[in-house]
Every structure is written in structure tokens, then in C-alpha cells.
Amino acid sequence: MSFSAPLSPLRHGALLALMLLLSACQPSPTQTRIQGNTMGTYFVVTITDTYPGGKPALQKEVNALLARMNKEISTYDPDSLISRFNLGPANAPTLIPATMAKIVQQGIDAGHLTGGKLDVTVGPLVNLWGFGPDKRPVKRPSPEQIVRARERVGIDKLDLLPQGDHFLLTKRIADLYLDLSTLGEGAASDEIAALLERKGVDNYLIEVAGAVRSKGHNSQGNPWRVAIVEPSGKPGTIEDVVTPNGMGLSTAGSYLNYYELDGRRYSHIIDPATGEPVTHKLVSASVITQTTLEADALDTALMVMGPEQAMSFARRHHLAVYLIVKTEQGFEARYTPEFAPYLSAKPQTGATKPVS
Ligand code: FAD
């Protein structure tokens, strides 16, 4: 077995270093693989069934799906639906498609579940700290700037209501800024999975950066396996190997997407309660749930919580969660009993610690 990771020159290669696709490394005659860039990062889709129209049709249809998603939820496209919503006035309902509403609803639900640790209106703070489409700050934002940005944040300022086949999205303040960046990759994995299944494909591995969906088996007839790598920066250092078996797996990390300013390190995970990037020792959180969208919402919330609160939240909600925590000695993996069944034999030893 060989280990390799797709390399991306893009800024949000942060999570690709966390996931090494194991079984899908060597394309075989019975395997089709497509890849590309989307959402500021990369995607790879590998199937071991026949796709109607073959590889060109698969590439074209996945590209079209991702382009449509970008037109709906990209805050990096000034002409997308979400950008027009963000620029629009208060109390003027915007008609959005069910595909986008599902992502917004997941953001709202996860916001309630996590006590506001995940907040899809956190965009003003993300931008203030230089992790959104706006430029990176040359100095630390002032307390006044943080207070002003925080006044614009809160899912209670957002309403989503069904309207026939569509939904109506309304903001209660004009300068609310909806940011679905944290959910986009998970949503894309799920949507690609749904496309494949509509086309009769039952054996696939989908990776949109840190959001992975798999079903069935690889070209050797084995379940797909995914590696979580140690965040040490050493290439290929595997912390553990996971077999998601039809579930959604998503990983968020704080250790690659960051910058240093005045001797301090600022990560892209923002705590909505303080308005500042998190500073604790939790460096990565992986979650397995039914959908990658849900896993993608929860991994960010856990990253906001920090190691102890994240583990107690995961245990309270019986979630399959795997955390990597920075310690004096290096890195320590801690996982819930619900995560244990997904762990496979790993090709090297390392310090992993189940938390029961
Ligand atoms: P995750 O942990 O999944 O998410 C972290 C991100 O979520 C942060 O970067 C911030 O945006 C947001 N966030 C931080 N704290 C919180 C919180 N408490 N609650 C909720 N959200 C929080 N990037 C580019 O550079 N160029 C592009 O062209 C581009 N296009 C994109 C198009 C789409 C449709 C989407 C969805 C994203 C795009 N991005 C782009 C953004 C980039 O891909 C995101 O930064 C990335 O999706 C963040 O995901 P992650 O896996 O790195 O981290």
C-alpha cells in the first residue's frame, strides 16, 4: 500500500494535510478518478463503478454541480446569491433554492446545538481578522472594532422560512453577513454523493479538502480507508486510519490556516463569544456523522470549544469524535467510544488514547 496526498497550491490546503487517501492512491483499470479546484481548495472523486457517459461526463457533471454551489454560497463571488443577500437590505426576504437552504438550516441547527460556538453570521469577525475575502489586517483589530463586528453577529438575526419548493431568507439587520464557508466542503461532498447515487454509482470515495464521503469498496474490493495525519508538518506521519463506511467524515484544524502578527499566532477559527481567534491546544477535530454537512458543522464548533469542552460535548451527545491535542511531548489523540469502531489498524505506532 502506498501513501500519497493530492497537493494543492491553494491557501486552503490546510486540511488536505490532515487526510491522506490510502486506498485510492493508485488508479486501476476498474477505477475512475477526477479532480479539480473548487471553493478555494481541491476535490477528488474516485469511483469503482461505471458512470453513465464515462469519465468526461463525471468530470463535467461534478464541475457543474460545484459551479452551481459556488454561485449560491460563495462569499468570494460578489455576484453569488449569498453575496447579493449580504449586500441587500434588512427585512427583505430573498428567495433561495432548497440546496442552499439546507446548508443555512444546518448552520442554524448546529448553532443552537453548540450554544453559538458555530455561528454562520460570524463573517464580520472572520473578515476583520483577515480570513475572509477581505485583506489580512496589518495590525491587530482594536477592541472597538471587535465590539462593532460582534454587534453584527448572531443567528437570531436570521430567519429561514419555506416557500413552495424554495425558501425565504431574511436578515433583521442590514449589515448581517452570512458566511457558509465552514459548511461548503461538507455540503459539496454530500451533493456529489447524491449525484453519484442517482447515476447508479454505489462504490465511491469523495474528498472535498477535509470533508470525505465514502460508500462501498475500492478497486481491490476493500472498504475505503482514510488517514488522519499528525499535525507536526512531517509529511505522511499518520495518527490513525479511519474506515468511514458510508458515513460523512470531516476534519477541521487550526494549525495550517493561520498567520503571525506581532509575535502571536492567529488561527482562522473564531470564537464568536470573544470575537477573537482561538488560542487553546486543540489543533484538529474530526467528526463522523450521517452526512458530511453535519460533520463539517460540528468539527468547527469543537475547534472553537477547545480540548476539554469539545470532549465533554462529544460524549454528552454521543458523537463519533477524534481530537488531536498539542501537549508538551508532541501531539495526543483522544477519541470517543463512538469513534472507535471506525478506526482501522494503522501502518505505524503512535500515541492514541480512547476517552471512555
Ligand atoms: P473549517 O474549519 O471548515 O472552517 C473555518 C472557516 O469557517 C473559517 O475560515 C471562517 O471562514 C469560518 N469560521 C471561523 N470561525 C467560525 C465559527 N465560530 N463559526 C462558523 N464559521 C466560522 N477561499 C478562497 O481563498 N478563495 C475562494 O475562491 C474561495 N471560494 C469559496 C467558495 C465557497 C462556495 C466556499 C464555501 C468557500 C470558499 N472559500 C474560498 C473559503 C475557503 O474554502 C474556506 O476558508 C474553507 O471552506 C474553510 O474551510 P476549512 O476546511 O479550511 O475550515
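Residues numbered from 1 in each chain as written. Predicted model: local features only at pLDDT ≥ 70, side-chain atom pairs only at ≥ 80, totals over all residues. Heavy atoms only, no water.

Colleague: Sorry if this is basic, but what is going on with the overall build of the protein chain here?
Modeller: Summing up its helical and strand segments, the protein chain has 8 helices and 20 strands in all. Taking as baseline every contact in the protein chain between residues at least 6 positions apart, the subset at least 24 positions apart corresponds to 63%. Just so you have it, the protein chain exposes about 15200 Å², and 53% of that area is on carbon and sulfur atoms. (Helix = DSSP H or I, 4+ residues; strand = E, 2+ residues; numbered from the N terminus. Contact = heavy atoms within 4.5 Å. Areas by Shrake-Rupley, 256 points an atom, 1.4 Å probe, with all protein chains shown as cover.)

Colleague: How do you make sense of unusual backbone geometry when you look at a structure like this?
Modeller: Trans peptide bonds make up the majority, and among non-glycine residues the majority have a negative phi. Backbone geometry at methionine 39 places phi at a positive 50°, although glycine is not the residue there. Along the chain, methionine 39 falls in the loop between β2 (32-38) and β3 (41-47). A positive phi angle is found at histidine 318, which is not glycine, with a value near 55°. Structurally, histidine 318 is set in the loop between α8 (307-316) and β17 (320-326).

Colleague: Sorry, what's going on with the site of the ligand here?
Modeller: In the region of the ligand, 27 residues are neighbours, and Met39, Lys117, Thr182, Glu185 and Ile270 sit closest. The contact in question runs from a nitrogen atom of the ligand to an N or O atom on the backbone of aspartate 119, over 3.0 Å. With respect to the ligand, the backbone of isoleucine 270 contributes an N or O atom lying 2.8 Å from a nitrogen atom. Compared with its free state, where it exposes 950 Å², the ligand has 93% of that area covered by protein. With 4 residues, the single largest contributor to the shell around the ligand is helix α6 (residues 181-198). (Near = heavy atom within 4 Å. Polar contact = N/O pair within 3.5 Å; in protein donor to acceptor, adjacent residues only side chain to side chain.)

Colleague: Explain the sheet that holds strand β6 (residues 166-171) to me, please; I cannot follow it from the model alone.
Modeller: Backbone-to-backbone hydrogen bonds pair the strands of a sheet. The strands run either parallel or antiparallel. The 3 strands lie next to each other as β4-β6-β5, forming an open sheet whose pairing is antiparallel. Both edges of this open sheet fall to β4 (94-96) and β5 (158-163), since each of them pairs with a single strand only. On average, each strand axis in the sheet is inclined to that of its neighbour by 30°, with strand direction left out of account. (Pairing = 2+ DSSP bridges. Axes fitted to C-alpha atoms, helices over the stretch in contact; angles between N-to-C directions.)

Colleague: What am I meant to see in the packing of aromatic side chains here?
Modeller: For any two aromatic rings, the description comes down to two numbers: the centre-to-centre distance and the angle of the planes. This model, assessed by the stated rule, comprises 4 aromatic pairs. Grouped by ring-pair contacts, the aromatic residues Tyr322, Tyr335, Phe339 and Tyr342 constitute a single cluster. One residue, lysine 326, lies across the ring of phenylalanine 331, its end atom 5.5 Å from the ring centre. (Phe/Tyr/Trp six-rings, centres within 6.5 Å; stacked < 30°, edge-to-face > 60°. Lys NZ or Arg CZ within 6 Å of the ring centre and 35° of its normal.)

Colleague: Where do I start with helix α3 (residues 98-113) in this structure?
Modeller: The α-helix advances 3.6 residues per turn, and as a result positions three or four apart in sequence lie on the same side. Spanning 16 residues, α3 covers 22 Å between terminal C-alpha atoms, matching the ideal 22 Å at 1.5 Å per step. Those residues of α3 that fall on the buried side of the exposure criterion are Met100, Ala101, Ile103, Val104, Gln106, Gly107, Ile108, Ala110 and Gly111. Once α3 ends, the next one or two residues include glycine 115, with phi positive near 65°. (Expected span 1.5 Å × (residues − 1). Buried < 20%, exposed > 50% of the residue type's maximum accessible area, 1.4 Å probe, protein only.)

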